[in-house]
Amino acid sequence: QSCSTMKEAWHDTKNWNRFFDDQRLWLRRHRFVADNNFYHGHAFLDYYAKYKKTNPDIYGWIQVDGTNISYPCVKGNDNNFYLDHTVTKEYNANGAIFGDSKCQDVVLDNANLVFYGHNSIYPGQMFHELTKFLDKSFFDNNRYVTIYTLDGVYRYEIFSFYETYSSYRYSQVS
């Protein structure tokens, strides 16, 4: 197909809905059942119960295999506040791990789920350990990110890694 035909195909609501439904079906098939994971010692439910009253932006918990990335995450009204505020809404230059404000609250309602976090100058902090994925051997042996939310536990296979800079316009598509 030509580029213009493909572009027109994505503007067709029927094609977009079919693609979105296929994505949701794939996510359901690859999702862990919550009761097999939540109740075997993971801290998210305890954390949620403790902090949800003080911060309704609590969204879930993220873990990345082979790293010490295991943090609560939030989703606010914009993508700026949590750049320099913790999950308890205190000012901190390291900020928090947070979901894109444009994403839906229910994981399966998103074609893409995007999380942000700083590549801290302090090794082992925030998303700094994602740089380990630049090493092919590490990448080949550590392939999963797990997201814990109230609506389920989701395990995603990492299929690529790309390092970019804060000035990169990732959301600009044209």
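Up top you'll find the structure we're talking about.
Caption draft 1: Seen up close, the overall build of the protein chain. Broken down by element type, the protein chain carries five helices and seven strands. The order of helices and strands in the protein chain, counted from the N terminus, is α-α-β-α-α-β-β-β-β-α-β-β. Residue burial in the protein chain is summarised as follows: out of 174 residues, 34% are buried. In the protein chain, the proportion of contacts linking residues at least 24 apart, taken out of those at least 6 apart, comes to 51%. Surface accessibility of the protein chain: about 11,400 Å² in total, with carbon and sulfur atoms responsible for 52%.

Caption draft 2: Structural context of the side chain of Lys-75. Tracing the sequence through the fold places Lys-75 in the loop between β3 (70–74) and β4 (97–99). Lys-75 sits in the buried class, given a relative accessible area of 13%. Side-chain polar atoms of Lys-75 contact the backbone oxygen of Cys-103, separated by 3.1 Å. Excluding anything up to four places from it in sequence, Lys-75 contacts Asp-57, Tyr-59, Gly-99, Asp-100, Ser-101, Cys-103, Gln-104 and Asp-105.

Caption draft 3: Main features of the pairing of β3. Counting buried residues in β3 gives four out of five residues, a clear majority hidden from the surface. Sheet topology places strand β2 (residues 58–64) next to β3; five bridges connect them, and they run antiparallel. Within β3, the residue paired with Gly-60 across the bridge is Cys-73. Counted between consecutive antiparallel strands, the loop separating β2 from β3 contains five residues, among which Gly-66 sits at a positive phi close to 80°.

Caption draft 4: Examining the environment of Phe-44 more closely. Within the element layout of this structure, Phe-44 appears in helix α4 (residues 44–51). Owing to a relative accessible area of 0%, Phe-44 belongs among the buried residues under this scheme. The spatial distance from the C-alpha of Phe-44 to the C-alpha of Tyr-148 is 7.0 Å, given a sequence separation of 104 residues.

Caption draft 5: Quick look at the pattern of salt bridges. The tally for this structure, following the rule as stated, stands at four salt bridges. Across the salt bridge formed by Asp-65 and Arg-155, the nearest N and O atoms sit 2.9 Å from each other. Of this pair, Asp-65 sits in the loop between β2 and β3 while Arg-155 sits in strand β7 (residues 152–157); the two residues are 90 residues apart in sequence, bridging distant segments of the chain.

Caption draft 6: How the structure looks around the nonpolar core. If you look at the biggest cluster of nonpolar residues, it comprises 19 residues, and the most contacted ones within it are Ile-62, Ile-97 and Phe-115. Mapped by element, the contributors of at least two residues to this core are β2, β3, α5 (136–141) and β6 (144–149). If one sorts the elements of this core by residue count, β2 sits on top with three residues. In terms of nonpolar packing, the next biggest core, distinct from the first, is built from 13 residues, Val-87, Ala-96, Tyr-116 and Val-153 among them.

Caption draft 7: A look at the side chain of Thr-86. Within the element layout of this structure, Thr-86 appears in the loop between β3 and β4. For Thr-86, the contacting residues outside a window of four places in its chain are Asn-92, Gly-95 and Ala-96.

Reading guide: rules and limits
- Residues numbered from 1 in each chain as written.
- Predicted model: local features only at pLDDT ≥ 70, side-chain atom pairs only at ≥ 80, totals over all residues.
- Heavy atoms only, no water.
- Helix = DSSP H or I, 4+ residues; strand = E, 2+ residues; numbered from the N terminus.
- Buried < 20%, exposed > 50% of the residue type's maximum accessible area, 1.4 Å probe, protein only.
- Contact = heavy atoms within 4.5 Å.
- Areas by Shrake-Rupley, 256 points an atom, 1.4 Å probe, with all protein chains shown as cover.
- Polar contact = N/O pair within 3.5 Å; in protein donor to acceptor, adjacent residues only side chain to side chain.
- Pairing = 2+ DSSP bridges.
- Salt bridge = Lys/Arg side-chain N within 4 Å of Asp/Glu carboxyl O.
- Core = buried A, V, L, I, M, F, W, Y, C linked by side-chain atoms within 4.5 Å.

By themselves, these figures tell us nothing about what the structure is for.
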